[in-house]
Amino acid sequence: MATERTYIMVKPDGVERGLVGEIVKRFENKGYQMLALQMIQPTKALLEEHYTDLKEKPFFPGLIKYMLAGPVVGMVWIGKDIVKVGRRLLGETNPLASNPGTIRGDFGIDVGRNICHGSDSPANAEREISLWFPNGVVHWNRAHVQNLIYE
Ligand code: IDP
Ligand code: MG
């Protein structure tokens, strides 16, 4: 049974543009399972911790400002290889370099308005899940559909 989890977050531009349902739908259609979902207005401190690896980048202040522009919708998803495949569903960091059929490829143009976040490794996924969901998330497997999704 798959136990890999990832943190997917619809950024303020994606929320404001009404793309939450579209993004949820793509992960659900794939066969992945949602474990948590919340809409929150993140604090600057939370965003700086989330993006701590990028602190030294020249675009960091702009990134934080962008991410503070409105509420975000954060989710935890579980499934086989979900970190890698989730990022494939998102597309490249730069929407213009993303293939059609990906979320960023279908809905975005500029790198600083790229609609959604996805964890880049299983370890970072767990770090981000603890950060955004400090009270934990459900442990649950949709037992009745497992045989329809996994062989
Ligand atoms: P990722 O979101 O595809 O994992 P990261 O390199 O982790 O990409 O960067 C985090 C976020 O920072 C990106 O999603 C994007 O919003 C923003 N970002 C990355 N590179 C640039 C840039 O060159 N200019 C402006 N914003 C950037
Ligand atoms: Mg990243």
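Source: prediction; values computed, not measured. (Residues numbered from 1 in each chain as written. Chains lettered and ligands numbered in written order. Predicted model: local features only at pLDDT ≥ 70, side-chain atom pairs only at ≥ 80, totals over all residues. Heavy atoms only, no water.)

For the rest of this paragraph, the subject is helix α2 (residues 20–30). Taken together, the buried positions of α2 are occupied by V20, I23, V24, R26 and F27. Looking down the long axis of α2, one finds its buried residues gathered within 155° of arc, a one-sided arrangement. Trailing α2 by a residue or two, G31 shows a phi angle of about 115°, which is positive. (Buried < 20%, exposed > 50% of the residue type's maximum accessible area, 1.4 Å probe, protein only. Helix = DSSP H or I, 4+ residues; strand = E, 2+ residues; numbered from the N terminus. Arc of directions from axis to C-beta.)

This brings us to the packing of aromatic side chains. A full pass over the atoms with the stated rule returns three aromatic pairs. Between Y7 and W132, the aromatic rings sit 5.6 Å apart at their centres with planes inclined by 15°, giving stacked as the arrangement. Residue Y7 is found in strand β1 (residues 5–10), and its partner W132 is found in helix α7 (residues 122–132); the two are separated by 125 residues along the sequence. Each of the two residues, Y7 as well as W132, counts as buried. Centroid distance F27 to W77: 5.4 Å. Interplanar angle 35°. Geometry classified as tilted. Within this pair, whereas F27 is found in helix α2, its partner W77 is found in strand β3 (residues 72–78), the two being separated by 50 residues in sequence. The residues F27 and W77 share a single accessibility class, namely buried. Here a set of aromatic residues connected by ring pairs shows up, and it is made of Y7, W132 and F133. (Phe/Tyr/Trp six-rings, centres within 6.5 Å; stacked < 30°, edge-to-face > 60°.)

Attention shifts here to the site of ligand 1. In the vicinity of ligand 1, the residues found are K11, Y51, L54, F59, L63, Y66, R87, T93, R104, V111, G112 and N114. Residue V111 places a main-chain N or O atom 3.4 Å away from an oxygen atom belonging to ligand 1. Contact between ligand 1 and N114: an oxygen atom at 2.8 Å from a side-chain N or O atom of the residue. For ligand 1, the accessible surface in isolation is 520 Å², of which the surrounding protein chains cover 73%. Here ligand 1 occupies the largest pocket. (Near = heavy atom within 4 Å. Polar contact = N/O pair within 3.5 Å; in protein donor to acceptor, adjacent residues only side chain to side chain. Areas by Shrake-Rupley, 256 points an atom, 1.4 Å probe, with all protein chains shown as cover. 1 Å grid on protein atoms, 1.4 Å probe; cavity = no way out; pocket = protein on both sides within 12 Å on 5 of 7 lines; lining within 4 Å. Sits in = over half its atoms within 2 Å of the grid points.)

The volume enclosed by the largest pocket comes to roughly 620 Å³. For the largest pocket, the lining is made up of 27 residues, of which K11, Y51, L54, L63 and T93 are closest to its centre. Elements with a minimum of two residues in the lining of the largest pocket: α4 (60–67), α5 (82–90), β4 (116–118) and α7. The dominant element in the lining of the largest pocket, judged by the number of residues it contributes, is α4, at four residues. When grouped by side-chain class, the residues that make up the lining of the largest pocket number eight nonpolar, 10 polar and nine charged. (Points joined across faces, edges and corners; volume = space filled by probe spheres on them. Nonpolar A, V, L, I, M, F, W, Y, C, P; charged D, E, K, R; others polar.)

We now examine the pairing of β3. A large share of β3 lies buried, amounting to seven of its seven residues. Of the two faces of β3, the one carrying V72, G74, V76 and I78 and the one carrying V73, M75 and W77 are both buried. Here six bridges tie β1 to β3, and the two strands are oriented antiparallel to one another. Pairing of Y7 across the sheet is with V76, part of β3. As judged from the seven bridges shared by strand β2 (residues 33–40) and β3, these two strands associate in the antiparallel manner. Residue pairing for β3: Q33 is matched across the bridge by I78. (Pairing = 2+ DSSP bridges.)

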